[in-house]
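# Observations on the model geometry
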Amino acid sequence: MNETLQVIRNRRSTRAFKSEQIKEEELQEILQAGIYAPSANNGQPWHFTAVQNKELIDSLNEGFKALVRKSPDENLRKIGENEKFHVFYNAPTVIFLSGDKNSPSADVDCSAAVENMLIAAEAEGIGSCWIGFIAFLLNSEEGRDYLKELGIPEGFRQIHAVALGYKKVNIVNAPARKENTVNYII
Ligand SMILES: Cc1cc2nc3c(=O)[nH]c(=O)nc-3n(C[C@H](O)[C@H](O)[C@H](O)COP(=O)(O)O)c2cc1C
């Protein structure tokens, strides 16, 4: 199989990371892959915030868990109460993707950037996980100070995050994919 297609097929969400930090060149390659994603009208309505400060990553995890412990959703409450759960799975690097509030395509464009970064990470032998959960915190009242600490630009809102680090275990089996999701008209 073509190498790029093999990388796409091999990518799995990594939820157990080594504490060792990824190399600067690897981080830069991953960020460039995100920046080179397509965007509607080439609007690039995104901002990337790369965080390698463990204290801040852990503090965001604590803020997230405190918030979901108050949730009316029982599953979310359970996540918040689970001592072992870490919203970034203790990844040493997290990239936050924020989107221009005035852009109608920010969600889609940022998603394209995230997927590019996940594939780039896999190509570099780095584990990654798409983290949507953290938007609960960062787009809430409780998240305001965190947005400042992260330096999210004025007029931008948190959309997605990507947890990155070397894989503790190599996941080979993909979660089952649904069948019959393709229609052919010839
Ligand atoms: C929009 C979006 C948000 C996601 N948010 C989370 C998340 O917060 N935490 C998590 O562990 N996985 C998250 N994931 C990863 C999915 O759970 C994962 O991609 C899916 O189970 C398929 O597994 P695979 O990535 O190994 O193919 C998210 C994926 C997407 C597309």
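Higher on the page you've got the structure.
Residues numbered from 1 in each chain as written. Predicted model: local features only at pLDDT ≥ 70, side-chain atom pairs only at ≥ 80, totals over all residues. Heavy atoms only, no water.

Turning next to the nonpolar core. If you look at the biggest cluster of nonpolar residues, it comprises 29 residues, and the most contacted ones within it are Leu60, Phe88, Phe96, Ile131 and Ile134. Contributing elements (two or more residues each) for this core: helix 3 (54-68), helix 4 (74-81), strand 2 (93-100), strand 3 (127-131), helix 6 (134-138), helix 7 (144-150) and strand 4 (156-165). Here the element with the most residues in this core is helix 3; it accounts for 6 residues. Residues in contact with Leu60, not counting those within four places in the same chain, are Phe88, Phe96, Ile134, Leu137, Leu138, Tyr146 and Leu150. If you look at the next biggest cluster of nonpolar residues, it comprises 23 residues, including Ile22, Leu31, Leu97 and Val162. (Core = buried A, V, L, I, M, F, W, Y, C linked by side-chain atoms within 4.5 Å. Buried < 20%, exposed > 50% of the residue type's maximum accessible area, 1.4 Å probe, protein only. Helix = DSSP H or I, 4+ residues; strand = E, 2+ residues; numbered from the N terminus. Contact = heavy atoms within 4.5 Å.)

To continue, consider the packing of helix 1 (residues 3-10) against helix 5 (residues 106-123). Helix packing for two helices is described by the angle between their axes and how far apart those axes are. Remark: helix 1 packs on helix 5, axes separated minimally by 9 Å, with the N-to-C direction vectors making an angle of 105°. As summarised for this structure, helix 1 and helix 5 are arranged roughly perpendicular, according to the angle between their axes. Between helix 1, through Val7, Ile8 and Asn10, and helix 5, the contact on the second element is made entirely by Ile119, Glu122 and Ala123. Classifying every residue of the contact of helix 1 with helix 5 by side-chain character gives 4 nonpolar, 1 polar and 1 charged. (Axes fitted to C-alpha atoms, helices over the stretch in contact; angles between N-to-C directions. Parallel < 35°, antiparallel > 145°, perpendicular 65-115°, else oblique. Nonpolar A, V, L, I, M, F, W, Y, C, P; charged D, E, K, R; others polar.)

What follows concerns the site of the ligand. Not every one of the 13 residues close to the ligand is listed here, only the nearest: Ser13, Arg15, Tyr89, Trp130 and Arg177. Here an oxygen atom of the ligand and a side-chain polar atom of Arg12 are 2.9 Å apart. Isolated, the ligand exposes 630 Å² of accessible area, and the fraction of that covered by the protein chains is 66%. No other element matches strand 3, which puts 3 residues into the shell around the ligand. Along the lines of polarity and charge, the residues of the shell around the ligand split into 6 nonpolar, 3 polar and 4 charged. (Near = heavy atom within 4 Å. Polar contact = N/O pair within 3.5 Å; in protein donor to acceptor, adjacent residues only side chain to side chain. Areas by Shrake-Rupley, 256 points an atom, 1.4 Å probe, with all protein chains shown as cover.)

Attention now moves to the packing of aromatic side chains. In total, this model carries 5 aromatic pairs according to the counting rule given. The interplanar angle of 35° and the centroid separation of 6.0 Å between the aromatic rings of Phe133 and Phe136 together place this pair among those described as tilted. On the basis of relative accessible area, Phe136 is assigned to the partly exposed category, the value being 42%. Here the aromatic cluster, defined as three or more aromatic residues joined through ring pairs, consists of Phe64, Phe133 and Phe136. (Phe/Tyr/Trp six-rings, centres within 6.5 Å; stacked < 30°, edge-to-face > 60°.)

Time to look at the side chain of Ser39. Here Ser39 lies in the loop between helix 2 (24-35) and strand 1 (46-51). In terms of polar contacts, Ser39 uses its side chain to reach the backbone amide nitrogen of Gly43, at 3.2 Å.

The next thing to look at is a nonpolar patch on the surface. A surface patch of nonpolar side chains, amounting to about 310 Å² of accessible area, comprises Met1, Leu5 and Ile8. Mapped onto the secondary structure, Ile8 falls in helix 1. On the accessibility criterion, Ile8 (40% relative accessible area) is partly exposed. (Patch = residues over 30% accessible without salt bridge, like charges linked within 9 Å, V, L, I, M, F, W, Y side chains within 5 Å. Salt bridge = Lys/Arg side-chain N within 4 Å of Asp/Glu carboxyl O.)

That is the geometry; function is a separate question.
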